[in-house]
Amino acid sequence: KAVVSTQSTGEQELRSTAGNTLRQVLQKQRQTKRLLDTVKLLVDLREIRKQQAARRHGTFIEPSVEERFDGNVDKIKRVIRNNLETFYAEEKTLKVLMEATDADIWGVEKKLRQLERLPDKVIDYSSESSVTVTTCTTRDAETLT
């Protein structure tokens, strides 16, 4: 029996590129989540320091400064969340691409296994993208070999 590679070079490159890109997107997601956590921790730290300053020294931050800080933090969080949503969309797209490729490969492999079990068929593996099956008699098969 002939050994057949069910993946064309282009498909292998596509899968490899999609896999590498998916790893990069997942890494960016982790970094972005850490950044969002860092911003939250900085806000918490600022609140603790404000409370300490008020308790120890009686120092308070002006409301306009507080509003400006909160506005800037909100802008930063919005940008980070938008980036995170973009990364989730990219991840989903890449996973769909890779699953579709897996399904296509699996379907071709299944067809090949089914066709190889049929004794009165001649299977032509010469084309990378398709398999040709011809029904023939035993005499015809002998002339092909």
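Cut-offs used in this document
Residues numbered from 1 in each chain as written. Predicted model: local features only at pLDDT ≥ 70, side-chain atom pairs only at ≥ 80, totals over all residues. Heavy atoms only, no water. Helix = DSSP H or I, 4+ residues; strand = E, 2+ residues; numbered from the N terminus. Buried < 20%, exposed > 50% of the residue type's maximum accessible area, 1.4 Å probe, protein only. Areas by Shrake-Rupley, 256 points an atom, 1.4 Å probe, with all protein chains shown as cover. Core = buried A, V, L, I, M, F, W, Y, C linked by side-chain atoms within 4.5 Å. Contact = heavy atoms within 4.5 Å. Salt bridge = Lys/Arg side-chain N within 4 Å of Asp/Glu carboxyl O. Polar contact = N/O pair within 3.5 Å; in protein donor to acceptor, adjacent residues only side chain to side chain. Expected span 1.5 Å × (residues − 1). pLDDT = per-residue confidence, 0-100.

**Section: the overall build of the protein**
Here is step 1: Per the secondary structure count, the protein includes three helices and two strands.
Here is step 2: Each helix and strand of the protein, ordered N terminal to C terminal, gives the series α-α-β-β-α.
Here is step 3: Taking all 145 residues of the protein together, 15% fall into the buried category.
Here is step 4: Of the roughly 11200 Å² of accessible surface on the protein, 53% is carried by carbon and sulfur atoms.

**What about the nonpolar core?**
Here is step 1: In this structure, Ala 18, Leu 22, Val 25, Phe 87 and Leu 94 together form the largest nonpolar core, which totals five residues.
Here is step 2: If you list the elements that add at least two residues to this core, you get helix H1 (9–57) and helix H2 (63–116).
Here is step 3: Look past the residues within four positions of Ala 18 in its chain and what remains in contact with it is Leu 94, Leu 97 and Met 98.

**Structural notes on the pattern of salt bridges**
Here is step 1: Evaluated as defined, the whole model comprises five salt bridges.
Here is step 2: Between Arg 46 and Glu 66 there is a salt bridge, and its shortest N-O distance comes to 3.0 Å. Of the two residues, Arg 46 is situated in helix H1 and Glu 66 in helix H2; the sequence distance between them amounts to 20 residues.
Here is step 3: With a closest N to O distance of 3.2 Å, Lys 50 and Glu 47 form a salt bridge. Residue Lys 50 and its partner Glu 47 are located together in helix H1, separated by three residues, close to a single helical turn.
Here is step 4: Relative accessible area serves as the criterion here: at 21%, Lys 50 is assigned to the partly exposed category.
Here is step 5: Each of Arg 46, Glu 47, Lys 50 and Glu 66 takes part in salt bridges that share partners, so that together they form one network.

**Brief notes about the side chain of Thr 32**
Here is step 1: Take Thr 32: it is sitting in helix H1.
Here is step 2: Accessibility expressed as a relative area gives 9% for Thr 32, which makes it buried.
Here is step 3: Side-chain polar atoms of Thr 32 contact the backbone oxygen of Lys 28, separated by 2.7 Å.
Here is step 4: Those residues within four positions of Thr 32 in sequence are excluded, and the remaining contacts are Ile 80, Leu 84 and Phe 87.

**Some thoughts on H1**
Here is step 1: For H1, which comprises 49 residues, the first-to-last C-alpha distance of 71 Å matches the rise-based estimate of 72 Å (1.5 Å per residue) to within 8%.
Here is step 2: All of the buried residues along H1 are Ala 18, Gly 19, Leu 22, Val 25, Gln 29, Thr 32, Leu 36, Val 39 and Arg 46.

**Describing the environment of Arg 15**
Here is step 1: Along the chain, the position of Arg 15 falls in helix H1.
Here is step 2: Among the residues examined, Arg 15 registers a relative accessible area of 23% and is labelled partly exposed.
Here is step 3: For the pair Arg 15 and Glu 99, spaced 84 residues apart in sequence, the C-alpha to C-alpha distance is 9.9 Å.

**Points about the confidence of the model for the protein**
Here is step 1: Put simply, the protein has an average pLDDT of 77, and 63% of its residues get 70 or more.
Here is step 2: Across the protein, element-level confidence peaks in H1 with a mean pLDDT of 91 and bottoms out in helix H3 (residues 138–144) with 42.
Here is step 3: Segment residues 120–145: pLDDT under 50, and 28 contacts once partners within four positions in sequence are set aside and those in other chains are kept.

**Focus: the side chain of Arg 46**
Here is step 1: Within polar-contact distance, the side chain of Arg 46 engages the side chain of Glu 66 at 3.0 Å.
Here is step 2: Here Arg 46 is in contact with Ile 61, Val 65, Glu 66 and Phe 69, once residues within four sequence places are set aside.

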